[in-house]
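Structure assessment
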Amino acid sequence: METGDFQLFPYPNALLNIITLVGLLSVVKFVSVTTWNLAVGLRAHVWSKMRNKNFVATYGKWAVVTGSSDGIGEAYAHELAKKGMNLLLISRTMEKLQKVKEEIDKESGVEVEIMQVDFSHGKHVYEEIEERIRGKEIGLLVNNVAVILPYPMDFCEVNDHQLWSHVNVNVASPLAMTRMILPAMLERCKGAIVNIASIYSRYPVPMMQIYSASKAFVEFFSVALEAEYDQSGVTIQTITPAYVSTNMTKYSEKIHKPRFFVPTASNFAAHAVDTLGYTRYTTGYWTHGIQAWIFDTFIPRWIWVKLLKMKNQDWKKDMKKTKGE
Ligand SMILES: NC(=O)c1ccc[n+]([C@@H]2O[C@H](COP(=O)([O-])OP(=O)(O)OC[C@H]3O[C@@H](n4cnc5c(N)ncnc54)[C@H](OP(=O)(O)O)[C@@H]3O)[C@@H](O)[C@H]2O)c1
(Lines give C-alpha, C1' and ligand atoms only; values in the text may rest on other atoms or scores of the structure.)
Protein backbone atom coordinates (compact mmCIF):
# COMPACT_ATOMS: atom_id res chain seq x y z
CA MET A 1 0.00 0.00 0.00
CA GLU A 2 1.34 3.50 -0.93
CA THR A 3 1.80 6.32 1.61
CA GLY A 4 -1.38 8.49 1.84
CA ASP A 5 -3.75 5.66 0.87
CA PHE A 6 -6.87 5.57 3.06
CA GLN A 7 -7.03 2.63 5.45
CA LEU A 8 -10.21 1.94 7.43
CA PHE A 9 -8.27 -0.03 10.05
CA PRO A 10 -4.85 1.72 10.19
CA TYR A 11 -3.60 0.19 13.45
CA PRO A 12 -2.30 -3.33 14.08
CA ASN A 13 -4.00 -3.17 17.52
CA ALA A 14 -7.71 -4.18 17.28
CA LEU A 15 -8.76 -1.97 20.23
CA LEU A 16 -7.27 1.15 18.63
CA ASN A 17 -9.08 0.30 15.39
CA ILE A 18 -12.39 0.00 17.24
CA ILE A 19 -11.84 3.32 19.06
CA THR A 20 -11.00 5.00 15.72
CA LEU A 21 -14.13 3.57 14.09
CA VAL A 22 -16.39 4.65 16.98
CA GLY A 23 -14.79 8.12 16.84
CA LEU A 24 -15.39 8.37 13.09
CA LEU A 25 -19.01 7.24 13.40
CA SER A 26 -19.60 9.79 16.19
CA VAL A 27 -18.21 12.59 14.02
CA VAL A 28 -20.35 11.50 11.06
CA LYS A 29 -23.44 11.37 13.30
CA PHE A 30 -22.72 14.78 14.85
CA VAL A 31 -22.10 16.45 11.46
CA SER A 32 -25.17 14.93 9.77
CA VAL A 33 -27.54 15.63 12.68
CA THR A 34 -26.26 19.20 13.04
CA THR A 35 -26.51 19.85 9.29
CA TRP A 36 -30.05 18.46 9.25
CA ASN A 37 -31.07 20.56 12.29
CA LEU A 38 -29.57 23.65 10.69
CA ALA A 39 -31.47 23.03 7.44
CA VAL A 40 -34.75 22.48 9.34
CA GLY A 41 -34.08 25.62 11.43
CA LEU A 42 -33.38 27.76 8.36
CA ARG A 43 -36.52 26.51 6.62
CA ALA A 44 -38.64 27.18 9.73
CA HIS A 45 -37.23 30.55 10.76
CA VAL A 46 -35.78 32.17 7.63
CA TRP A 47 -37.44 30.65 4.53
CA SER A 48 -40.90 30.82 6.15
CA LYS A 49 -40.46 34.58 6.76
CA MET A 50 -39.78 35.16 3.06
CA ARG A 51 -43.05 33.51 2.04
CA ASN A 52 -46.40 35.00 2.81
CA LYS A 53 -48.55 31.94 3.39
CA ASN A 54 -52.29 32.49 2.96
CA PHE A 55 -53.60 30.90 6.15
CA VAL A 56 -57.28 31.18 5.22
CA ALA A 57 -56.78 29.46 1.84
CA THR A 58 -54.40 26.85 3.26
CA TYR A 59 -56.19 25.93 6.48
CA GLY A 60 -59.68 27.50 6.60
CA LYS A 61 -61.59 30.56 7.82
CA TRP A 62 -61.64 30.16 11.61
CA ALA A 63 -59.00 29.60 14.26
CA VAL A 64 -59.76 28.41 17.79
CA VAL A 65 -57.18 29.35 20.42
CA THR A 66 -57.45 28.01 23.98
CA GLY A 67 -55.99 30.08 26.84
CA SER A 68 -56.07 33.20 24.67
CA SER A 69 -56.72 35.97 27.20
CA ASP A 70 -53.04 36.35 28.05
CA GLY A 71 -49.46 35.34 27.21
CA ILE A 72 -48.64 33.17 24.22
CA GLY A 73 -52.29 32.36 23.41
CA GLU A 74 -53.22 36.06 23.24
CA ALA A 75 -50.16 36.75 21.08
CA TYR A 76 -51.12 33.88 18.74
CA ALA A 77 -54.60 35.43 18.44
CA HIS A 78 -53.13 38.78 17.32
CA GLU A 79 -50.85 37.08 14.77
CA LEU A 80 -53.65 34.92 13.34
CA ALA A 81 -55.88 37.99 13.02
CA LYS A 82 -53.09 39.61 10.99
CA LYS A 83 -53.26 36.54 8.73
CA GLY A 84 -56.97 37.23 8.18
CA MET A 85 -58.38 34.36 10.25
CA ASN A 86 -61.62 34.76 12.21
CA LEU A 87 -61.10 33.85 15.84
CA LEU A 88 -62.89 31.93 18.54
CA LEU A 89 -60.99 32.76 21.72
CA ILE A 90 -61.60 30.47 24.68
CA SER A 91 -60.25 31.31 28.11
CA ARG A 92 -61.03 31.68 31.80
CA THR A 93 -61.38 35.43 32.46
CA MET A 94 -64.14 37.29 30.58
CA GLU A 95 -62.81 40.85 31.17
CA LYS A 96 -59.42 39.90 29.75
CA LEU A 97 -61.05 38.20 26.75
CA GLN A 98 -63.14 41.33 26.08
CA LYS A 99 -59.99 43.46 26.16
CA VAL A 100 -58.24 41.17 23.66
CA LYS A 101 -61.30 41.23 21.39
CA GLU A 102 -61.43 45.06 21.50
CA GLU A 103 -57.73 45.29 20.59
CA ILE A 104 -58.07 42.86 17.67
CA ASP A 105 -61.27 44.59 16.47
CA LYS A 106 -59.28 47.83 16.27
CA GLU A 107 -56.33 46.22 14.49
CA SER A 108 -58.13 44.13 11.86
CA GLY A 109 -61.45 43.42 10.23
CA VAL A 110 -61.69 39.76 11.23
CA GLU A 111 -64.60 38.34 13.22
CA VAL A 112 -63.73 37.65 16.86
CA GLU A 113 -65.90 35.56 19.18
CA ILE A 114 -65.02 35.04 22.82
CA MET A 115 -66.02 32.30 25.18
CA GLN A 116 -65.46 32.03 28.91
CA VAL A 117 -64.55 28.47 29.87
CA ASP A 118 -62.66 27.10 32.86
CA PHE A 119 -60.99 23.93 31.57
CA SER A 120 -60.18 22.86 35.12
CA HIS A 121 -63.88 21.93 35.48
CA GLY A 122 -63.30 18.86 33.31
CA LYS A 123 -65.43 16.93 30.85
CA HIS A 124 -68.72 18.85 30.84
CA VAL A 125 -67.26 22.14 29.48
CA TYR A 126 -66.82 20.67 26.00
CA GLU A 127 -70.55 20.40 25.15
CA GLU A 128 -70.85 24.18 25.20
CA ILE A 129 -67.72 24.59 23.05
CA GLU A 130 -69.09 22.08 20.55
CA GLU A 131 -72.24 24.21 20.26
CA ARG A 132 -70.17 27.32 19.55
CA ILE A 133 -68.09 25.78 16.78
CA ARG A 134 -71.08 24.20 15.00
CA GLY A 135 -71.33 25.57 11.44
CA LYS A 136 -67.89 27.19 11.51
CA GLU A 137 -65.11 26.03 9.20
CA ILE A 138 -62.37 25.58 11.80
CA GLY A 139 -59.09 25.68 9.92
CA LEU A 140 -56.74 25.93 12.87
CA LEU A 141 -56.84 24.77 16.46
CA VAL A 142 -54.17 26.02 18.85
CA ASN A 143 -54.07 23.82 21.94
CA ASN A 144 -52.32 26.40 24.08
CA VAL A 145 -54.02 26.51 27.48
CA ALA A 146 -51.99 25.21 30.42
CA VAL A 147 -51.40 25.80 34.10
CA ILE A 148 -48.20 25.53 36.11
CA LEU A 149 -47.45 25.45 39.83
CA PRO A 150 -47.17 28.99 41.26
CA TYR A 151 -43.54 28.22 42.12
CA PRO A 152 -41.34 25.08 42.26
CA MET A 153 -42.46 22.72 45.01
CA ASP A 154 -42.08 19.12 46.11
CA PHE A 155 -44.83 16.75 45.00
CA CYS A 156 -46.30 16.34 48.49
CA GLU A 157 -46.81 20.12 48.74
CA VAL A 158 -49.02 20.15 45.62
CA ASN A 159 -52.67 20.58 46.60
CA ASP A 160 -55.65 18.75 45.15
CA HIS A 161 -56.82 21.62 42.95
CA GLN A 162 -53.34 22.10 41.46
CA LEU A 163 -53.00 18.39 40.77
CA TRP A 164 -56.36 17.99 39.02
CA SER A 165 -55.96 21.29 37.11
CA HIS A 166 -52.78 19.95 35.52
CA VAL A 167 -54.72 16.87 34.43
CA ASN A 168 -57.88 18.64 33.24
CA VAL A 169 -56.26 21.70 31.65
CA ASN A 170 -52.88 20.51 30.37
CA VAL A 171 -53.66 16.89 29.52
CA ALA A 172 -57.41 16.53 28.92
CA SER A 173 -58.09 19.78 27.02
CA PRO A 174 -55.81 19.08 24.01
CA LEU A 175 -57.33 15.59 23.74
CA ALA A 176 -60.94 16.75 23.95
CA MET A 177 -60.46 19.78 21.69
CA THR A 178 -58.63 17.71 19.08
CA ARG A 179 -61.27 14.99 19.07
CA MET A 180 -63.95 17.65 18.63
CA ILE A 181 -62.28 19.49 15.74
CA LEU A 182 -60.06 17.03 13.85
CA PRO A 183 -62.81 14.89 12.18
CA ALA A 184 -64.20 17.85 10.19
CA MET A 185 -60.68 18.82 9.13
CA LEU A 186 -60.08 15.26 7.91
CA GLU A 187 -63.32 15.39 5.88
CA ARG A 188 -62.13 18.60 4.22
CA CYS A 189 -58.58 17.23 3.86
CA LYS A 190 -57.24 20.51 5.22
CA GLY A 191 -56.53 22.27 8.49
CA ALA A 192 -53.89 22.43 11.18
CA ILE A 193 -53.60 21.65 14.87
CA VAL A 194 -50.84 23.31 16.86
CA ASN A 195 -50.01 21.72 20.20
CA ILE A 196 -47.98 23.86 22.59
CA ALA A 197 -45.77 21.57 24.67
CA SER A 198 -42.58 22.90 26.27
CA ILE A 199 -38.84 22.41 26.40
CA TYR A 200 -39.73 20.94 29.83
CA SER A 201 -41.45 18.09 27.97
CA ARG A 202 -37.99 16.90 26.88
CA TYR A 203 -36.61 16.60 30.44
CA PRO A 204 -38.25 15.50 33.70
CA VAL A 205 -38.20 18.59 35.94
CA PRO A 206 -37.96 18.06 39.71
CA MET A 207 -40.25 20.40 41.68
CA MET A 208 -42.26 21.13 38.52
CA GLN A 209 -42.91 17.43 38.16
CA ILE A 210 -46.60 17.36 37.12
CA TYR A 211 -46.11 20.27 34.73
CA SER A 212 -43.18 18.67 32.89
CA ALA A 213 -44.96 15.28 32.84
CA SER A 214 -48.11 16.90 31.45
CA LYS A 215 -46.08 18.63 28.74
CA ALA A 216 -44.34 15.34 27.86
CA PHE A 217 -47.85 13.93 27.44
CA VAL A 218 -48.74 16.75 25.02
CA GLU A 219 -45.52 16.23 23.06
CA PHE A 220 -45.97 12.45 22.74
CA PHE A 221 -49.64 12.81 21.81
CA SER A 222 -48.87 15.46 19.22
CA VAL A 223 -45.94 13.69 17.56
CA ALA A 224 -47.85 10.39 17.42
CA LEU A 225 -50.90 12.15 15.95
CA GLU A 226 -48.73 13.82 13.34
CA ALA A 227 -47.43 10.44 12.20
CA GLU A 228 -50.97 8.97 12.10
CA TYR A 229 -52.39 11.75 9.92
CA ASP A 230 -49.34 12.71 7.86
CA GLN A 231 -51.05 11.81 4.58
CA SER A 232 -54.42 13.37 5.44
CA GLY A 233 -53.85 16.97 4.36
CA VAL A 234 -54.12 18.09 8.01
CA THR A 235 -50.95 19.47 9.58
CA ILE A 236 -50.20 18.62 13.21
CA GLN A 237 -47.46 20.79 14.68
CA THR A 238 -45.68 20.39 18.03
CA ILE A 239 -44.11 23.47 19.62
CA THR A 240 -41.64 23.11 22.50
CA PRO A 241 -40.69 26.63 23.66
CA ALA A 242 -38.10 27.44 26.30
CA TYR A 243 -38.75 30.44 28.58
CA VAL A 244 -41.10 33.15 27.29
CA SER A 245 -41.83 36.24 29.37
CA THR A 246 -45.45 35.65 30.48
CA ASN A 247 -47.39 35.19 33.72
CA MET A 248 -46.18 31.59 33.71
CA THR A 249 -42.56 32.62 34.31
CA LYS A 250 -43.38 35.29 36.91
CA TYR A 251 -42.21 33.06 39.76
CA SER A 252 -38.60 34.07 39.04
CA GLU A 253 -37.28 37.39 37.71
CA LYS A 254 -34.34 35.41 36.26
CA ILE A 255 -36.59 33.83 33.61
CA HIS A 256 -39.28 36.51 33.42
CA LYS A 257 -37.20 39.47 32.24
CA PRO A 258 -37.16 39.57 28.41
CA ARG A 259 -33.71 39.09 26.90
CA PHE A 260 -31.93 37.18 24.11
CA PHE A 261 -33.12 33.74 25.25
CA VAL A 262 -36.41 34.99 26.77
CA PRO A 263 -38.64 36.61 24.13
CA THR A 264 -41.83 38.49 24.92
CA ALA A 265 -45.01 36.59 24.05
CA SER A 266 -45.65 38.76 20.97
CA ASN A 267 -42.11 38.32 19.67
CA PHE A 268 -42.37 34.58 20.26
CA ALA A 269 -45.74 34.22 18.52
CA ALA A 270 -44.65 36.34 15.54
CA HIS A 271 -41.95 33.73 14.90
CA ALA A 272 -43.84 30.60 15.93
CA VAL A 273 -46.91 31.28 13.75
CA ASP A 274 -44.72 31.68 10.68
CA THR A 275 -43.19 28.21 11.20
CA LEU A 276 -46.58 26.54 10.57
CA GLY A 277 -46.37 24.55 7.36
CA TYR A 278 -42.57 24.66 7.37
CA THR A 279 -41.81 22.33 10.26
CA ARG A 280 -43.89 19.91 12.29
CA TYR A 281 -41.68 19.98 15.38
CA THR A 282 -40.03 23.17 16.59
CA THR A 283 -39.26 25.24 19.65
CA GLY A 284 -41.05 28.05 17.80
CA TYR A 285 -38.31 30.62 18.36
CA TRP A 286 -34.83 30.63 16.90
CA THR A 287 -32.84 31.30 20.09
CA HIS A 288 -34.78 28.49 21.78
CA GLY A 289 -33.73 26.28 18.85
CA ILE A 290 -30.09 27.04 19.67
CA GLN A 291 -30.71 26.23 23.35
CA ALA A 292 -32.45 22.95 22.53
CA TRP A 293 -29.61 21.95 20.20
CA ILE A 294 -26.99 22.63 22.89
CA PHE A 295 -28.99 20.81 25.59
CA ASP A 296 -29.79 17.79 23.41
CA THR A 297 -26.29 17.48 21.96
CA PHE A 298 -24.00 18.11 24.90
CA ILE A 299 -25.88 17.56 28.14
CA PRO A 300 -27.03 14.05 29.13
CA ARG A 301 -30.53 13.86 30.57
CA TRP A 302 -29.43 12.76 34.06
CA ILE A 303 -27.22 15.89 34.36
CA TRP A 304 -30.16 18.02 33.25
CA VAL A 305 -32.41 16.57 35.91
CA LYS A 306 -29.82 17.38 38.61
CA LEU A 307 -29.27 20.92 37.26
CA LEU A 308 -32.99 21.62 37.06
CA LYS A 309 -33.46 20.42 40.63
CA MET A 310 -30.74 22.81 41.85
CA LYS A 311 -32.25 25.70 39.86
CA ASN A 312 -35.73 25.04 41.18
CA GLN A 313 -34.49 24.81 44.77
CA ASP A 314 -32.92 28.26 44.30
CA TRP A 315 -36.06 29.70 42.76
CA LYS A 316 -38.17 28.32 45.58
CA LYS A 317 -35.87 30.11 48.05
CA ASP A 318 -36.19 33.34 45.99
CA MET A 319 -39.99 33.04 46.14
CA LYS A 320 -39.93 32.53 49.90
CA LYS A 321 -37.67 35.58 50.34
CA THR A 322 -39.97 37.70 48.14
CA LYS A 323 -42.97 36.60 50.20
CA GLY A 324 -41.02 37.28 53.44
CA GLU A 325 -41.37 33.68 54.68
N1 LIG B 1 -44.16 31.01 29.25
C2 LIG B 1 -43.25 30.06 29.06
O3 LIG B 1 -42.06 30.22 29.40
C4 LIG B 1 -43.62 28.79 28.38
C5 LIG B 1 -42.58 27.92 28.03
C6 LIG B 1 -42.90 26.73 27.40
C7 LIG B 1 -44.20 26.42 27.12
N8 LIG B 1 -45.20 27.28 27.47
C9 LIG B 1 -46.56 26.86 27.15
O10 LIG B 1 -47.20 27.91 26.43
C11 LIG B 1 -48.61 27.88 26.69
C12 LIG B 1 -49.08 29.25 27.11
O13 LIG B 1 -48.38 29.63 28.29
P14 LIG B 1 -48.26 31.14 28.77
O15 LIG B 1 -46.88 31.32 29.23
O16 LIG B 1 -48.80 32.06 27.72
O17 LIG B 1 -49.22 31.12 30.03
P18 LIG B 1 -50.02 32.32 30.73
O19 LIG B 1 -49.41 33.63 30.42
O20 LIG B 1 -50.16 31.89 32.14
O21 LIG B 1 -51.44 32.26 30.00
C22 LIG B 1 -52.28 31.16 30.17
C23 LIG B 1 -53.60 31.41 29.51
O24 LIG B 1 -54.41 30.27 29.77
C25 LIG B 1 -55.58 30.70 30.44
N26 LIG B 1 -55.98 29.71 31.43
C27 LIG B 1 -55.28 29.29 32.51
N28 LIG B 1 -55.99 28.38 33.18
C29 LIG B 1 -57.16 28.22 32.53
C30 LIG B 1 -58.31 27.44 32.74
N31 LIG B 1 -58.42 26.64 33.80
N32 LIG B 1 -59.32 27.51 31.86
C33 LIG B 1 -59.25 28.35 30.81
N34 LIG B 1 -58.20 29.13 30.56
C35 LIG B 1 -57.17 29.07 31.41
C36 LIG B 1 -55.22 32.01 31.10
O37 LIG B 1 -56.41 32.70 31.32
P38 LIG B 1 -56.55 33.91 32.40
O39 LIG B 1 -55.21 34.09 33.04
O40 LIG B 1 -56.97 35.06 31.61
O41 LIG B 1 -57.59 33.49 33.35
C42 LIG B 1 -54.32 32.62 30.06
O43 LIG B 1 -55.06 33.20 29.03
C44 LIG B 1 -48.81 26.80 27.74
O45 LIG B 1 -49.18 25.61 27.10
C46 LIG B 1 -47.44 26.63 28.35
O47 LIG B 1 -47.27 25.34 28.90
C48 LIG B 1 -44.94 28.44 28.10
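Here, the structure is the one placed above.
Since this is a predicted model, take the numbers as computed values, not measurements.

The next point concerns the packing of aromatic side chains. Given two aromatic rings, one states the distance between the centres and the angle between the planes to describe the pair. Tallied over the full model, the rule gives 16 aromatic pairs. An angle of 40 degrees between the planes, with centres 5.9 Å apart, marks the rings of phenylalanine 119 and tyrosine 126 as tilted. Considered together, phenylalanine 119 and tyrosine 126 belong to a single accessibility category, that of buried residues. Relative to tryptophan 315, the ring of tyrosine 243 has its centre 6.2 Å away and its plane inclined at 75 degrees; by these criteria the two rings are edge-to-face. A residue pair is termed long-range when its members are at least 10 positions apart, and tyrosine 243 in the loop between strand E6 (234-239) and helix H8 (253-256) and tryptophan 315 in helix H11 (residues 301-322) qualify at 72 residues. Note on tyrosine 243: relative accessible area 16%, which makes it buried. Assessed through its relative accessible area of 4%, tryptophan 315 is described here as buried.

A volume near 1100 Å³ is recorded for the largest pocket. Considering the residues around the largest pocket, the lining is formed by 44 residues, among which Ala146, Val147, Ile148, Asn247 and Met248 are closest to the centre. A per-element tally of the lining of the largest pocket places helix H6 (residues 160-188) first, with 5 residues. Within this model, the second largest pocket holds a volume of roughly 820 Å³.

A separate point is the site of the ligand. Neighbouring residues of the ligand: 32 residues in total, closest Ser69, Thr93, Asn144, Tyr211 and Thr246. Between the ligand and the protein, one listed contact pairs an oxygen atom with a side-chain N or O atom of threonine 93 at 2.6 Å. In the model, a nitrogen atom of the ligand is placed 2.8 Å from a nitrogen or oxygen of the aspartate 118 side chain. Coverage of the ligand by the protein chains reaches 94% of its 910 Å² of free accessible surface. Only helix H3 (71-82) and helix H7 (209-228) provide two or more residues apiece to the shell around the ligand. A breakdown of the residues in the shell around the ligand according to their chemical character gives 15 nonpolar, 12 polar and 5 charged.

This next bit is on the environment of leucine 163. Position of leucine 163 relative to the elements: it lies in helix H6. Given a relative accessible area of 25%, leucine 163 falls into the partly exposed group. Residue contacts for leucine 163: discarding those within four places in its chain leaves Phe155, Val158 and Ile210.

Thresholds, definitions, all that
Residues numbered from 1 in each chain as written. Predicted model: local features only at pLDDT ≥ 70, side-chain atom pairs only at ≥ 80, totals over all residues. Heavy atoms only, no water. Phe/Tyr/Trp six-rings, centres within 6.5 Å; stacked < 30°, edge-to-face > 60°. Buried < 20%, exposed > 50% of the residue type's maximum accessible area, 1.4 Å probe, protein only. Helix = DSSP H or I, 4+ residues; strand = E, 2+ residues; numbered from the N terminus. 1 Å grid on protein atoms, 1.4 Å probe; cavity = no way out; pocket = protein on both sides within 12 Å on 5 of 7 lines; lining within 4 Å. Points joined across faces, edges and corners; volume = space filled by probe spheres on them. Near = heavy atom within 4 Å. Polar contact = N/O pair within 3.5 Å; in protein donor to acceptor, adjacent residues only side chain to side chain. Areas by Shrake-Rupley, 256 points an atom, 1.4 Å probe, with all protein chains shown as cover. Nonpolar A, V, L, I, M, F, W, Y, C, P; charged D, E, K, R; others polar. Contact = heavy atoms within 4.5 Å.

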